[in-house]
Structures are given as structure tokens and as C-alpha cells.
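A closer look at the structure
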Amino acid sequence: MSNADTHPILSPRQSYADVTEQLAAIPLHFPTRRTWLILLIASSLLLGLLFVSATVLFATGVGIWGLDIPVNWAFAIHNYVWWLGIGHAGTLISALLLLLGRDWRNSLNRFAETMTLFAVTCARIYPILHLGRPWFVYWMFPYPATMEVWPQFRSPLEWDIWAVLTYLTVSVVFWYIGLIPDLAAARDRARRRGWQVFFGVLSLGWRGSAVHWQRWHQAYRLLAALAVPLVVSVHSEVSLLFASGTIPGWHSTIFPPYFVLGAAFSGFAVVAMIAIGLRRLFHLQNLVTDDHLDVLGKVLLATGLMTAYGYVFEVFDALYSGDAHELQTLTDRVFGQYWWSYWGAIFFNFVVLQPLWFRSVRRSPWLLFGISTSVAIGMWLERYMILVTSLYRDFLVSSWGIYHATFWDWAIYAGTIGLFFVPFLLIIRLLPVISIFEVKEVLHDEKKELAHGQ
Amino acid sequence: MANEDVYGFLAEFETPEALVEAAKKTRAKGYRDLDAFTPFPVYDLFPVLRLRDRRVLWLGLYGGLFGCAFAFAMQIFINYDYPINVGGRPLYALSAFAVVAFELTVLFSALAAAVGMLALNGLPRLHHPAFNAARFGRATKDRFFLCVLATDPRFDAQETRDFLRTLKPASVELVPS
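Quick caveat: nothing in here was measured; it's all calculated off a predicted structure. (Residues numbered from 1 in each chain as written. Chains lettered and ligands numbered in written order. Predicted model: local features only at pLDDT ≥ 70, side-chain atom pairs only at ≥ 80, totals over all residues.)

Next up on the list: the overall build of chain B. Scanning chain B from N- to C-terminus turns up 5 helices and 4 strands. The C-alpha radius of gyration computed for chain B amounts to 25 Å, which surpasses the reference 16 Å derived for 177 residues by more than 25%, pointing to a less compact arrangement than a globule. A principal-axis box enclosing the C-alpha atoms of chain B has dimensions of 80 × 30 × 30 Å. Residue pairs in contact within chain B that sit at least 24 positions apart in sequence constitute 83% of those at least 6 positions apart. (Helix = DSSP H or I, 4+ residues; strand = E, 2+ residues; numbered from the N terminus. Rg over C-alpha atoms; globule rule 2.2 N^0.38 Å. Contact = placed C-beta atoms within 7 Å.)

Listed below in C-alpha cells is the structure:
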């Protein structure tokens, strides 16, 4: 295909039958039951913590969190942005690289998209928890209310629910449309009645007809073409939650691209972590190769440098504006109460990233996993920094204040990690974790190139 | 000579290239009601089988246009029905409405294309004659099947089988409907 300049990313010695049996066997004859069960129990405990904390929250109110005036937007929005950003990489890998014809995406897109679904779910619950009265969430929708009021469509807070619900819906549809042929492959491999019915119903009776493939191909590519601008629009819109306000440190035109790139950066880090974890868990080294890690390392480095450009420009923006409050916020960020979040972001997102310039580091699963973890932490600190350092000292000295996260802030955050992993682990238990037919497409292209003698 | 009890012939090939070659020859022979079953999309096959249905893309376009129009109409109506003056800014602020308009354009376009694709393909359909074929399970694994449907005017239980044999398939199977 398009990357004729490189050597094949998958070994062309494996046959279509090999990869089909290998990948369909993961749900049908699940290997690593023990490890999986331990992970599931640990995640379920975290999920249990989320239920407990949410119950306490609803019974008591958002006062159990550390937020107060002036920092009245804290963990709820901070972790919302963080989770949503992680989700974006799944869509970018899947949709953008599909349109660009990058073969290496075909080993990663399925679990990256699955990651998107649950990261967005984790993000989505935060604004609802933050409402304080979550049973009124339907007030966000335009319905003919007896009070004859409507939502305010000129506010970014209203845009948000439309953007994120659209994103979640389109992500589910794109994921499922891409999954149907693999569900059919698993159906035809299944021997036990229960699995046959399960995959039979979910695959909707897909039979791989050429007439169907032709329409499927159009729908899949159209969805991809829609998903790419959608990702950009969603995280730009999230940044407008901040940039539309006049708070110093937020009111800047750099915010939309700065947020989108940071989102892709953190997401690619988590994709790399999941790729490394899954290939170890299921022995998928033949499909998620060292070459894949190499490419992921390069993408991580590139998006990291773009994010670093955002850091530089944020400082420039404040200095160039000459605005007293902007300069004050800049000083607060670098030397203020929360200096650790600023320097932590620089360290974990930029300094730790630098070894990725070396090929041997990119191809080492352990090192890449470590650097990716660092990026996830660094991006978490960055979102914290952007949020809290702008709010805790704004225009009036009389309204300055300090924010500290409470136990319940941390409990809910830890709980969302359970909310992410429990469904993710169930999906990798029940469905093909790597796209079977797309891997076979790559093999086909490689075999064809080999036959032509390059 | 169409037969009511027969769905068609399935000829099995080991590579997509062999399938495309066979499909070309079968068309040249005069057969028109052809289909194929493959584990992944074989793009070279689409022009051979004259598959150029672009309705999915049109549905996506119509869906998008509808979503966009709907979003603007909804937001304009809401500001007409319940005007809120925010610092004297315009009520019908198209730039502020653009975000929701874009999201709904994407949402309706994606749903129209996805649902339209399934509907045009006649899915979900859990039972189909092709599943009766003994070796059909390999169509989702590693084999590429050419199908001559019994509805084809040139279809003949003996003649068609003899012709398909000349294409050197791995197997030929008559599939009951």
C-alpha cells in the first residue's frame, strides 16, 4: 500500500487462518484467566469506591469536595478534560490513520477505540456529578418545559453536552461498524452454542458479501472522515469552556489547538500503555510488533513537542499582552502556591519524553511504558495547573483563596479508573481485541508486495 | 433455467487475486447475477462485479444537511421563543450556534450512513441461504468464494458447475435456498 518505503510491519509468513484463529481464540478460549480475574477484581473495587463516593456526594452535596470560591471548578472539570483527552487518541488512530492509509493502525485501532468509549464515559459522568442535583441533567436538553424556558445556546456549557454526546454516539457507531465483520469471524469459529448465539446476534448476520463490503467500505470511510473533525471540534469546544471566560490564563486564542494537541498527546500515551499491556497479556508480539511501539513512540514524541510549543506560547502570550493580571497569573503558575503542578507538567511531559529520540528506547516495551505513564501523569498535572492556578488568584485580592483536593475528590477520581477498566476488561474478554479482518488486509498487501518482488 | 430450490453455486478460491480473475472470466462468459464472499474487502472485485452503489454516501450527505438545518432552526426558534438579552449581544448569534450545528451535522450524517448501510445491505438478517454451504465458515477466515446466483438467466445446474470447474477452484458447491 502506501508505505512501500518501509519493510513489512507484520511478518508475511503468517497466514490468514493463523491470525483468524489466534485472535478469535482470545474470547472463545480465553488464555490468562488468572491475571484477568485479578485485574477485574481490583478494578471492581475501584468501581465500588465510585459508587460509594457518588452516593455520599448525592446525599451530602458537592461541599464534600474541596472546591469553594474562588476555585469552584476543580477536580470535576479537571478530570473531565483529562479523560476526554485520553479518549481522543483512539479516534485519531482509528479514523485519521485510516484515511491516510497507514497500515500500522490496523493492529491498534480496535482497542484504541474501545479505550475511547470508556474514557469518554468516565469524562461524561463528571459534569453530571458536578451538577449537585444530577437528576436535573435533562434541563440541558431543549424540551417544552412547563416553565417555558429553554437552554441557553449561546453558552459553551450548553455546547458541551451536545459535543460530548455526539462524540460518544459517533464513537460507538464507528467502533461497532468496524467490529461487525470480526463478530462474524468469531461466530464462525465458535463451537459452543452460547458463543454462537452471542456472536451470531451481534454480527447481525454479516456474511462478507462483496455487495455488502462495498457499501460497508463507504460507510466506514465516511464515518472516519466525520470523526476526525469531530475530535478537533469536541476538544476545541472543551477549551472554550475556559477561553470564553475572561479569567487571566484562560482567555487566549491558543487554547483550542493547545487543548487538542495535549489531548492527543495524553491519549497516545495511554494507547501505548494499553498496547504494551495487551500484547504481553495475550502474547500478541506477532501482531503488535516492536515496529508498532516504534511508531507510537515517534507519535508520542511529536505530539509532546507540539504540546511543549503550547507551553512556550502560553508564556509568550502573557508577556506579549503586558496585561497585569496575565503577568500575575504567569508568576503564580511558575513560582506560586502550585508551582509543583507547573514544573511537574514540564518535567513529566517534556523532560522525561526526550529519550524517545532514541530508537532503542522506543522499541523497549518497559521504557516506552514508563515514559507513557509519565505523560499521563504530566498531562494530569497540566490540566490541574491550567485550572487551579488561574482561579485561585484572579482580579481582586480580596477574593483570593487556596484549593486543596479532599479525600472524596481523590476517591471519585480513583473510582473513575475503575469505571474505565471494568468495562474495558469485559470487552477484551468478550470481543476480538484486535481487528481480525483489517490485520488480514495488511497481510494481503504485504504478500502482494512480496510476490511482486518489491 | 432458474431453479426455485437452489440459491446458487459457490466456488472457493485461495487468494483474492484468483477470485478476481475468476469473477472476470465468469462475467465474460455472460453471467450477471454474481456475488462474492470474502474475509476482508477485496477492492479490485468491485469494478469487476459492477458494484458502484453510492447511496450510502448520499444518505450521509442528506443526514448531514438535515442535522445542520435542524440545529440552526432549533437554536433560532429557542432564542425567538424565549429571548434573553445578554449584555446587548445579538439574539441570533450564528457564530455561537455554529458549534451545536456542526455537532448535529456530524451526528445525523454518521447515523444516516451507518443505519443506511445496514438497511441497504438487508442487515440484520440472521439466516441466509449462503450459510447452508458446508465450507462457508471459511469465508470469514481465509477463503474467497465466488457465487453464481440461481436467479441468473444463464444458470444451469450442470453447465454452470462445469464452467466453474474450469476456473480451477478449491471446491464447487451447490447451495440450496
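What follows concerns the overall build of chain A. Regarding its fold elements, chain A presents 15 helices and 0 strands. A compact globule built from 454 residues would reach a C-alpha radius of gyration of about 22 Å, and chain A, at 23 Å, matches this within 12%. Principal-axis analysis of the C-alpha atoms places the extent of chain A at approximately 75 × 55 × 40 Å. Relative to its full complement of 454 residues, chain A shows a buried share of 51%. Considering only intrachain contacts with a sequence separation of at least 6, the fraction spanning at least 24 residues in chain A is 83%. (Buried ≥ 20, exposed ≤ 12 C-beta atoms within 10 Å, placed from the backbone.)

What follows is about the nonpolar core. Formed by 192 residues in total, the largest nonpolar core has its most connected members in Leu223(A), Val271(A) and Ala36(B). For this core, the element with the most residues is helix 7 (residues 210-243) of chain A, which contributes 18 residues. Both of domain 1 (6-52 + 128-176) and domain 2 (55-120) of chain B provide at least three residues apiece to this core. In contact with Leu223(A), other than residues within four places in its own chain, are Val173(A), Phe174(A), Ile177(A), Ala110(B), Ala113(B) and Ala114(B). (Core = buried A, V, L, I, M, F, W, Y, C linked by C-beta atoms within 7 Å. Domains from an automatic or database assignment.)

On to the pairing of strand 3 (residues 144-149) of chain B, then. Both faces of the sheet carry side chains from a regular strand, because those side chains alternate between them. Residue and element names in this part refer to chain B. In terms of residue burial, strand 3 counts as a mostly covered element, since 5 of its 6 residues are buried. Of the strand pairs in this sheet, strand 1 (residues 6-13) and strand 3 are connected by 6 bridges, and their pairing is antiparallel. When the sheet's bridge partners are listed, Phe9 is paired in strand 3 with Val148. Here 4 bridges tie strand 2 (residues 34-37) to strand 3, and the two strands are oriented antiparallel to one another. Each residue of the ladder has a partner; that of Ala36, found in strand 3, is Leu146. (Pairing = 2+ DSSP bridges.)

With 50 residues of chain A at the contact, the number on the chain B side is 54 residues. Ranked by residues supplied to the side of chain A that touches chain B, first place goes to helix 7 of chain A with 16 residues. Broken down by class, the residue content of the side of chain A that touches chain B amounts to 27 nonpolar, 15 polar and 8 charged. (Nonpolar A, V, L, I, M, F, W, Y, C, P; charged D, E, K, R; others polar.)

Here helix 9 (residues 290-321) of chain A spans 46 Å end to end across 32 residues, near enough to the 46 Å set by a 1.5 Å rise per residue. Just downstream of helix 9 of chain A lies Gly322(A), where phi reads positive at about 70 degrees. (Expected span 1.5 Å × (residues − 1).)

Examined at the domain level, chain B breaks down into domain 1 (6-52 + 128-176) and domain 2 (55-120). Look at where the C-alpha atoms of domain 1 of chain B and domain 2 of chain B centre, and you get two points 44 Å apart.

What follows is about unusual backbone geometry. Note that the residue after Ile69(A), namely Pro70(A), is joined by a cis bond; omega there is 5 degrees. The peptide bond linking Leu123(B) to Pro124(B) adopts the cis configuration, its omega dihedral lying at 0 degrees. In this fold, Pro124(B) is placed in the loop between helix 4 (94-120) and strand 3. The phi angle at Glu148(A) is positive, at roughly 60 degrees, despite the residue not being glycine.

Moving on, we get to the sheet that holds strand 2 of chain B. Residue and element names in this part refer to chain B. Sheet architecture is open: 4 strands sit in the order 2-3-1-4, paired in antiparallel fashion. Every other strand in the sheet has two partners, leaving strand 2 and strand 4 (171-176) as the edge strands with one partner each. Across the sheet, the mean angle from the axis of one strand to that of its neighbour is 25 degrees, orientation sign disregarded. (Axes fitted to C-alpha atoms, helices over the stretch in contact; angles between N-to-C directions.)

Residue and element names in this part refer to chain B. On the secondary structure map, Ala11 appears in strand 1. Expressed as a C-alpha distance, the spacing of Ala11 and Pro169, which sit 158 residues apart in the sequence, is 5.9 Å. If near-sequence neighbours (up to four positions away) are discounted, Ala11 is found in contact with Ala22, Phe145, Leu146, Leu164, Leu167, Pro169 and Val172.

Attention shifts here to the packing of helix 5 (residues 156-189) of chain A against helix 7 of chain A. A pair of packed helices is characterised by two quantities: the angle between their axes and the separation of those axes. All names here are of chain A. Two numbers describe how helix 5 lies on helix 7: the axes approach to 9 Å, and their chain directions differ by 155 degrees. Put simply, helix 5 runs roughly antiparallel to helix 7. Both helix 5 and helix 7 take part in a crossing whose hand is left-handed. In terms of residue class, the contact of helix 5 with helix 7 is made up of 20 nonpolar, 3 polar and 2 charged. (Parallel < 35°, antiparallel > 145°, perpendicular 65-115°, else oblique. Left-handed = near helix turned anticlockwise from the far one by under 90°.)

So, on to the environment of Trp340(A). Structurally, Trp340(A) is set in helix 11 (residues 339-351). A residue is classified by how many C-beta atoms lie within 10 Å of it, and Trp340(A), with 12 of them, is exposed.

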